Amino acid sequence: MIHYPLVSSLLLGLSLLLAAPPSAKAPAGPSNAAADPSSDEVIAEVMQEGMTSGLAKRVAKGEEPVEGRRELLELFQRLEGTSPSIGHQADWDKRVKALVAAAEDAVDDKEGYAKRLRKAVNCGACHKAHRE
Ligand code: HEC
């Protein structure tokens, strides 16, 4: 019939269209550089509320009651899934994991948590790798 080639070329066109756009396959994956700008905001907030505020330092000295330790844990957990605009994502994830793990230990009052936290909360080392 006369419709047939029309239909099939329409179908062909449609399938080409569906297959074509390469933009659709860029996943919002954990690569930095193209970092979600909201990551910077989250990181800056956590810095202010957890670091500059002195909370992390107090917990790392064993001076903070469990409420404060829990607050610190919640702050550090907000870093999970963020991407810094500078440095390698894998290194960042490792540092965030160490912060969260140490804060978890603090909440659980695990022996040696203060020391582990002091090591994880190394302002200079992390800034050198991830902040300019
Ligand atoms: C795990 C890594 C890491 C650690 C540990 C860390 N920082 Fe940061 N900090 C960052 C990154 C990344 C930025 C840049 C955030 C941004 O894009 O604004 C930053 C930014 C900051 C800022 C600027 C925030 C703003 O308002 O823009 C301050 C202040 C700060 N850090 C203080 C500290 C202090 C104090 C410590 C130690 C007690 C510390 N940080 C430990 C990663 C870290």
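Residues numbered from 1 in each chain as written. Predicted model: local features only at pLDDT ≥ 70, side-chain atom pairs only at ≥ 80, totals over all residues.

Per an unreviewed UniProt entry, the protein chain goes by Cytochrome C and derives from Posidoniimonas corsicana.

Further remarks concern the overall build of the protein chain. Within the protein chain one finds 7 helices and 0 strands. Burial analysis of the protein chain (132 residues in total) assigns 22% to the buried set. Restricting to contacts in the protein chain with at least 6 residues of sequence separation, those with at least 24 account for 65%. (Helix = DSSP H or I, 4+ residues; strand = E, 2+ residues; numbered from the N terminus. Buried ≥ 20, exposed ≤ 12 C-beta atoms within 10 Å, placed from the backbone. Contact = placed C-beta atoms within 7 Å.)

Next up on the list: the site of the ligand. Taken together, 20 residues lie near the ligand, and Asp 40, Met 47, Met 51, Cys 123 and Cys 126 sit nearest. Of all elements in the fold, only helix H2 (37-52), helix H3 (55-60), helix H5 (89-107) and helix H7 (123-130) reach the threshold of two or more residues within the shell around the ligand. Top element by residues in the shell around the ligand is H2. It accounts for 7 residues. Broken down by class, the residue content of the shell around the ligand amounts to 10 nonpolar, 6 polar and 4 charged. (Near = placed C-beta within 6 Å. Nonpolar A, V, L, I, M, F, W, Y, C, P; charged D, E, K, R; others polar.)

In this structure, Asp 105 sits in helix H5. Considering only alpha carbons, one finds Asp 105 and Leu 73, 32 residues apart in sequence, at a separation of 9.4 Å. Those residues in contact with Asp 105 that sit more than four places away from it in its chain are Lys 110, Tyr 113 and Arg 116.

Next up on the list: unusual backbone geometry. One non-glycine residue, Asp 109, adopts positive backbone phi at about 60°. Following the sequence through the fold, Asp 109 ends up in the loop between H5 and helix H6 (113-120). Classification of Asp 109 as exposed rests on a count of 10 C-beta atoms within 10 Å.

Put simply, the protein chain has an average pLDDT of 85, and 73% of its residues get 70 or more. This model gives residues 20-31 a pLDDT under 50, and the stretch forms 3 contacts once residues within four places in sequence are excluded. (pLDDT = per-residue confidence, 0-100.)

What follows is about the packing of H2 against helix H4 (residues 66-77). A pair of packed helices can be characterised by two numbers: the angle between their axes and the separation between those axes. Two elements in contact, H2 and H4, have axes whose closest approach is 10 Å; the angle formed by their N-to-C orientations is 160°. Relative to H4, the element H2 is oriented roughly antiparallel. Read as a crossing pair, H2 and H4 show a hand that is left-handed. Side by side, H2 and H4 meet where Val 46, Glu 49 and Gly 50 of the first sit next to Leu 72, Leu 75 and Phe 76 of the second. Grouping the amino acids of the contact of H2 with H4 by side-chain chemistry returns 4 nonpolar, 1 polar and 1 charged. (Axes fitted to C-alpha atoms, helices over the stretch in contact; angles between N-to-C directions. Parallel < 35°, antiparallel > 145°, perpendicular 65-115°, else oblique. Left-handed = near helix turned anticlockwise from the far one by under 90°.)

This next bit is on H4. Taking 1.5 Å of rise per residue, 12 residues should cover 16 Å, and H4 covers 16 Å from first to last C-alpha, within 8% of that figure. Packing partners of the buried residues in H4 comprise H2, H3 and H5. (Expected span 1.5 Å × (residues − 1).)

The tendency in soluble globular proteins is for nonpolar side chains to be buried as a group. Membership of the largest hydrophobic core comes to 20 residues, with the highest contact counts inside it found for Leu 72, Phe 76, Leu 99, Ala 102, Ala 103, Ala 106 and Leu 117. Of all elements in the fold, only H2, H3, H4, H5 and H6 reach the threshold of two or more residues within this core. Among the elements that line this core, the one with the most residues is H5, at 6 residues. Beyond its immediate chain neighbours, meaning those up to four positions away, Ala 106 contacts Val 59, Arg 69, Leu 72, Tyr 113 and Leu 117. (Core = buried A, V, L, I, M, F, W, Y, C linked by C-beta atoms within 7 Å.)

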